[in-house]
Amino acid sequence: MVNFEPKIVAFCCDQSGYPAADMAGGLELNFPGNVEFVRVPCAGRIETLYLLKALERGADGVLIFACYEENCQFLRGNLRAKSRLSYAHRLLEKIGLEKERIEICHLATNCGPKLAETLHRKSEQLKKLGPNPAKI
Amino acid sequence: MARIGIFIDGMGGSIPAPFREKIVSVIRGLPEIAFSVEEENLASPGALQRMAEHLKAEEVDRAVILGGSPKLYETSFNKFGYPVLLNPYLLTVANLKEQTLQAVANEEEAVEKARKMMIKAIHLASSSGPIESRSLPLTPQTLVIGGGITGIAIALALARSGIQVYLLEKGKHLGGKALELRRFYNRPEEVQKWVEEKVSEISRNSRITVISETELKRLDGHLGRFQATVRKANGTEAVLSPSAIVVATGYEVERNRKGIYGHRSFISFAEMETLLAENEIPSLLRNGKRVESVAFLLGEVNGDVKIDSINAVKQSLLLQEAFQCQTVILCKDLKVSSDGMERLYRRARERGALFIKFEEPPKLSIVNGQIQVDVKDTSAIRKEDEWPLSILSDLIVLSDALIPNPETENLCRILGLHRGNRGFFMEDNPQLLRVRSNRRGIFVAGGCRFPQEVSETLNEAGATAQEVIALLSGGIYPYDLSVAEVDPEKCAVCLTCPRLCPHSAITVEKYAEKNIYITPGIGEGVKWGAARVDPVACYGCGICVGECPAKAITLRHQPDELIYAQMNLSD
Ligand code: SF4
Ligand code: SF4
């Protein structure tokens, strides 16, 4: 496991996460090597199933970049995402998978550095956890 | 097989030519790639023109852009129009700049990453389908709820642009709260005269139908096809079919005078207005007694002191100039940010009004049947100079709490709107979309959003009228089907989605048979009900899609497959 580069699926809300990712790139803040961005119209679009399927299909970790609370363009899309996340956490616990693999991060358009930092922290954390054993 | 055209954007040199070449070389010659062209700045109108020509000449049905952020292209496409012949949903962008070149330090890794991004974009483009555009005819008819000055001003502005207005008022007369006001702070005429004039203008205007003593009972339908059921005080009901609705129900005043505040020296701003209007210059009498000194005590009851500040300075000036009264304005904060207020404030000071700033609320006591106000003036620069003061005034004007209209809650339920700050109607976005509500075609204006001063309200009425005119003047509402759609076969009518939709775009409707929706009023044979998303009202956020326990809803422009394709994982 020397060269383990965790694969992260990062769901990005089109209002905050996606522009923040653009900004992070524009500032030349490096991303960890293995990140796939998924652009969604609102964090409320992200189904519990997507979070689990991502792990099942080979991601080592999943991140949701959503707007700050009370800042959702669609009022509570970010809160829906959060509650689906906690549902996914409960399911992960049941099957004995580390729930840290899925995480939500609240940010705004101008939070490029926060996004890059979160990705790096996640990547480090996943390196410690090791590859996702639930991959099929 | 899809035929894909590739457009490579150099972004003015940000993506160097050798790098581009390394990436495109892998896909050259693949059967589905029709052509690849390079542009130095693809988001410019000239390049978009050339893009359209290429798409036409090569008869491709999908396009992939290798360049910067998709947001950039979306902005310029929205501004200059999508390249002809291509449905906007058949175009995908691989972000080689922000997400690759600038985000990966090592050149080799960047090439690797960029190739992956390109393949992903091509895959996404070939698995997406076109989204149909439609348009909805709009009749120039509106319903304005509330006959206060906001409603009056909006109705007149709409009528001037040829739009038919039903002006709904629950009371007998138009005018609302403004009738309690005698003078504007920034206009010479009297409020009552102004209102009278406007009301008579309304009665002469054939485009405005005033429906008084009537309330809204029920609302069905969406933008362009609202069905509003209204009920008169005598119980008769009528159905109106406006294309758009404006809510302008204003606010209420809550007068809470308990304990010492019940003393006869305390009056409200509204009572002061009446007093000023009833008395003959130059002496101010109240209950037969001459008033020589007046104090204004601005409370913190409303979270915003703007309206009270304006009223206090305005009334104080009138008291000083016309009635020779001594005035004191006690406040924690004073807000003179409205148009012309700075000047009025200075004039009041010059005429001798005292402004006292306090930190701790003043103590009130009754001394010889008069109210004594004990307060520490903290406006001095040095702490030692702070004075404890005792003020005895003939009258003390108090702030009243300005609260939402009691019907607000009920109206929100009927209209499918949200309540925000302190229970007032909530706007879609306080900075950008101030007068739009969460529902397309319904606007909220004036004091029903938050208490406002008359001049602000009139500005807002103008802005709202502009929005409504912009919406209705074209006669059609163009939209595309990038929205959620329910499969009525699968829907279990659990009512999760109608409750969750932030834009009240989902209702439970009747279907005749499998997947055939019956437009209300047409045809028989009602078989069963299921949730239905109105494509005009939906904003495409996908919240309902993510939540439906039966997985009965799909987002047409972003089905599950496209999400999984974006994850770029093995199947
Ligand atoms: S959430 Fe799904 S099952 Fe429930 S009412 Fe809506 S469409 Fe029907
Ligand atoms: S996609 Fe959003 S706006 Fe459209 S119906 Fe669903 S929840 Fe409502």
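These numbers were taken from a predicted model, which means no experiment stands behind them.

## Some thoughts on the site of ligand 2
Line of reasoning, step 1. Taken together, A484, C501, P502, H503, I506, V533, C538, Y539, G540, C541, G542 and C544 of chain B make up the full set of residues near ligand 2.
Line of reasoning, step 2. Of the residues in the shell around ligand 2, the class split is nine nonpolar, three polar and no charged.

## So, the sheet that holds strand β17 (residues 293-297) of chain B
All names here are of chain B.
Line of reasoning, step 1. Across the sheet, five strands lie side by side as β14-β23-β17-β18-β19; this open sheet has parallel pairing. The strands lining the two open edges of the sheet, one partner per strand, are β14 (266-268) and β19 (354-357). Neighbour-to-neighbour, the strand axes of the sheet open up by a mean angle of 25°, direction not taken into account.
Line of reasoning, step 2. For strand β18 (residues 326-331) and β19, the ladder comprises four bridges, and the chain directions are parallel. By the bridge assignment for β19, C331 is matched with K357.
Line of reasoning, step 3. The strands touched by helix α8 (residues 269-278) within the sheet are β14, β17 and β23 (395-398), with β14 carrying the most contacts at an inclination of about 85°.
Line of reasoning, step 4. Strand contacts of helix α9 (residues 306-323): β17, β18, β19 and β23, with the helix running at about 165° to β18, the strand carrying the most contacts.

## Examining the pairing of strand β6 (residues 141-145) of chain B
Residue and element names in this part refer to chain B.
Line of reasoning, step 1. Of all five residues that make up β6, four are buried, and the element is covered over most of its length.
Line of reasoning, step 2. As paired strands, β6 and strand β7 (residues 164-168) are joined by five bridges and run parallel to one another. Looking across to β7, one finds that I145 is bridged to L168.
Line of reasoning, step 3. In this fold, the crossover linking β6 to β7 by way of helix α6 (residues 149-160) has right-handed handedness.
Line of reasoning, step 4. One ladder, built from four bridges, connects β6 with strand β12 (residues 244-247); its direction is parallel. Note that in β12 the partner of T142 across the bridge is A244.

## Examining the interface of chain B and chain A
Line of reasoning, step 1. With 42 residues of chain B at the interface, the matching set in chain A holds 40 residues.
Line of reasoning, step 2. Interface of chain B and chain A: buried area, both sides summed, is about 3600 Å²; carbon and sulfur atoms make up 50% of it.
Line of reasoning, step 3. Linking chain B with chain A are seven salt bridges.
Line of reasoning, step 4. A salt bridge links K551 of chain B to E47 of chain A, with the shortest nitrogen-to-oxygen separation between them at 2.5 Å.
Line of reasoning, step 5. In this structure, the connection of chain B to chain A is made through 20 residue pairs in polar contact (both at pLDDT 80 or more).
Line of reasoning, step 6. Elements supplying a minimum of two residues to the side of chain B that touches chain A: α3 (70-80), α4 (97-101), α5 (107-127), α13 (496-500), α14 (543-547) and α15 (560-567) of chain B.
Line of reasoning, step 7. When residues in the side of chain B that touches chain A are grouped by element, the largest group, five residues, is from α15 of chain B.

## Looking at the sheet that holds strand β10 (residues 227-232) of chain B
Residue and element names in this part refer to chain B.
Line of reasoning, step 1. Read across the sheet, three strands follow the order β9-β10-β11 without closing on themselves; strand pairing throughout is antiparallel. Because the sheet does not close on itself, it has two edges, and the strands there are β9 (214-220) and β11 (237-240). Across the sheet, the mean angle separating the axes of adjacent strands is 25° when strand polarity is ignored.
Line of reasoning, step 2. Where β9 lies against β10, six bridges are found, and the strand directions are antiparallel. Residue pairing across strands places D220 opposite Q227, the latter belonging to β10.

## Section: the site of ligand 1
Line of reasoning, step 1. Around ligand 1 lies a shell of 13 residues, among which C491, A492, C494, C497 and C548 of chain B are the nearest.
Line of reasoning, step 2. Here the shell around ligand 1 is built from residues that sort into twelve nonpolar, one polar and no charged.

## Looking at the confidence of the model for chain B
Line of reasoning, step 1. Residues at a pLDDT of 70 or more form 98% of chain B, whose mean pLDDT is 88.
Line of reasoning, step 2. Predicted complex metrics record ipTM = 0.92 and pTM = 0.88.

## Details of unusual backbone geometry
Residue and element names in this part refer to chain B.
Line of reasoning, step 1. The backbone phi angle of V493 is positive, close to 50°, even though this residue is not glycine.
Line of reasoning, step 2. On the secondary structure map, V493 appears in the loop between β27 (484-486) and α13.
Line of reasoning, step 3. On the basis of relative accessibility, which here comes to 35%, the residue V493 falls in the partly exposed class.
Line of reasoning, step 4. The residue N568 is not glycine, and still its phi comes out positive at about 60°.
Line of reasoning, step 5. Mapped onto the elements of the fold, N568 is located in the segment after α15.
Line of reasoning, step 6. You can call N568 partly exposed: its relative accessible area is 28%.

## Some details on helix α4 (residues 112-129) of chain A
Each turn of an α-helix holds 3.6 residues, which means side chains three or four residues apart point in the same direction.
Residues and elements named next belong to chain A.
Line of reasoning, step 1. Spanning 18 residues, α4 covers 26 Å between terminal C-alpha atoms, matching the ideal 26 Å at 1.5 Å per step.
Line of reasoning, step 2. Buried within α4 are the following residues: G112, L115, A116, T118, L119, K122, S123 and L126. Across the axial projection of α4, the buried residues extend over an arc of 160°, all falling on one side. In this structure, α4 carries E117 and K128 as exposed residues pointing more than 90 degrees from its buried face.
Line of reasoning, step 3. Tucked into the core, α4 has its buried residues touching β1 (8-13), α1 (17-26), β2 (35-40), β3 (61-67) and β4 (102-107).
Line of reasoning, step 4. A positive backbone phi angle near 90° is found at G130, which sits one or two residues after α4.

## Some thoughts on the pattern of salt bridges
Where charged atoms from two side chains of opposite charge come close, those side chains can pair.
Line of reasoning, step 1. Scanning all chains against the criterion turns up 44 salt bridges over all chains.
Line of reasoning, step 2. Between R121 of chain A and E103 of chain A there is a salt bridge whose closest N-O contact spans 3.0 Å. Taken together, the residues span a long stretch of sequence, with R121 of chain A in helix α4 and E103 of chain A in strand β4 at a distance of 18 residues.
Line of reasoning, step 3. Under the relative-accessibility criterion, R121 of chain A is labelled partly exposed at 42%.
Line of reasoning, step 4. Two residues, D534 of chain B and R225 of chain B, come together in a salt bridge whose shortest N-O distance is 3.3 Å. On the criterion of sequence distance, the pair formed by D534 of chain B in the loop between β29 (528-533) and α14 and R225 of chain B in the loop between β9 and β10 is long-range, its members being 309 residues apart.
Line of reasoning, step 5. A relative accessible area of 39% means that R225 of chain B is categorised as partly exposed.
Line of reasoning, step 6. Here the salt bridges do not stand alone but share partners, grouping D14 and R39 of chain A together with K71 and E74 of chain B into one network.

## Some details on the domain arrangement of chain B
All names here are of chain B.
Line of reasoning, step 1. Here chain B is described as being made up of domain 1 (4-131), domain 2 (141-253 + 403-476), domain 3 (256-399) and domain 4 (481-555).
Line of reasoning, step 2. Each of domain 2 and domain 3 was reduced to a C-alpha centroid, and the two centroids are 33 Å apart.
Line of reasoning, step 3. Counting residues at the interface gives eleven residues for domain 2 and 15 residues for domain 3.
Line of reasoning, step 4. A buried area of about 1200 Å², summed over both sides, lies between domain 2 and domain 3, and 59% of it is on carbon and sulfur atoms.
Line of reasoning, step 5. Linking domain 2 to domain 3 there are one salt bridge.
Line of reasoning, step 6. Taking the shortest distance from any N to any O, the salt bridge between K306 and E456 comes out at 2.9 Å.
Line of reasoning, step 7. Here domain 2 is connected to domain 3 by two residue pairs in polar contact (both at pLDDT 80 or more).
Line of reasoning, step 8. Across the side of domain 2 that touches domain 3, the residue classes tally to four nonpolar, one polar and six charged.

What counts as what
- Residues numbered from 1 in each chain as written.
- Chains lettered and ligands numbered in written order.
- Predicted model: local features only at pLDDT ≥ 70, side-chain atom pairs only at ≥ 80, totals over all residues.
- Heavy atoms only, no water.
- Near = heavy atom within 4 Å.
- Nonpolar A, V, L, I, M, F, W, Y, C, P; charged D, E, K, R; others polar.
- Pairing = 2+ DSSP bridges.
- Helix = DSSP H or I, 4+ residues; strand = E, 2+ residues; numbered from the N terminus.
- Axes fitted to C-alpha atoms, helices over the stretch in contact; angles between N-to-C directions.
- Contact = heavy atoms within 4.5 Å.
- Buried < 20%, exposed > 50% of the residue type's maximum accessible area, 1.4 Å probe, protein only.
- Right-handed = clockwise from strand over helix to strand, strands pointing away.
- Buried area = accessible area lost by both parts, 1.4 Å probe.
- Salt bridge = Lys/Arg side-chain N within 4 Å of Asp/Glu carboxyl O.
- Polar contact = N/O pair within 3.5 Å; in protein donor to acceptor, adjacent residues only side chain to side chain.
- pLDDT = per-residue confidence, 0-100.
- Expected span 1.5 Å × (residues − 1).
- Arc of directions from axis to C-beta.
- Domains from an automatic or database assignment.

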